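These are the residues of each chain, in order.
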Amino acid sequence: MSIRLMDFLMPARFGPGRVFTARGVNGTDGTLGMVLGEALAGAGPMLALLGDQAFVHDLPALANPRWRDVRGA
């Protein structure tokens, strides 16, 4: 639902956005790793929307030293 709301409420003045979604076995697998990969491959800052369970489940991904090159929230 959060992806649908973002698509509905995001002002058009920002231009077309790139939206990526991930769903693992339980919707938590590799979420932060996917965000890191997309942020490093993209040209601009990244905003990640994820729940507390997904964050805690993939917390070890934050140990990746490549995070220091990412601009985002």
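No experiment lies behind these values; they were computed from the predicted model shown.

How each quantity is defined
- Residues numbered from 1 in each chain as written.
- Predicted model: local features only at pLDDT ≥ 70, side-chain atom pairs only at ≥ 80, totals over all residues.
- Heavy atoms only, no water.
- Helix = DSSP H or I, 4+ residues; strand = E, 2+ residues; numbered from the N terminus.
- Buried < 20%, exposed > 50% of the residue type's maximum accessible area, 1.4 Å probe, protein only.
- Areas by Shrake-Rupley, 256 points an atom, 1.4 Å probe, with all protein chains shown as cover.
- Core = buried A, V, L, I, M, F, W, Y, C linked by side-chain atoms within 4.5 Å.
- Contact = heavy atoms within 4.5 Å.
- Arc of directions from axis to C-beta.

I'd love a proper account of the overall build of the protein, names of residues and values included.
Counting its regular elements, the protein contains three helices and zero strands. Starting at the N terminus and walking to the C terminus, you meet the elements of the protein as α-α-α. When each of the 73 residues of the protein is scored for burial, the buried share is 16%. Of the roughly 5,800 Å² of accessible surface on the protein, a fraction of 58% belongs to carbon and sulfur atoms.

Before we move on, can you summarise the nonpolar core with the specific residues and values?
Counting residues in hydrophobic clusters, the biggest one holds eight residues: Leu32, Val35, Leu36, Ala39, Met46, Ala61, Trp67 and Val70. With residues near it in sequence (within four places) discarded, Leu36 still touches Asn64, Arg66, Trp67 and Val70.

Help me get a handle on helix H2 (residues 31-41), residues and values and all.
All of the buried residues along H2 are Thr31, Leu32, Val35, Leu36 and Ala39. Down the axis, H2 shows its buried residues gathered within 135 degrees of arc, on one side only. Where H2 is buried, its residues contact helix H3 (52-57).

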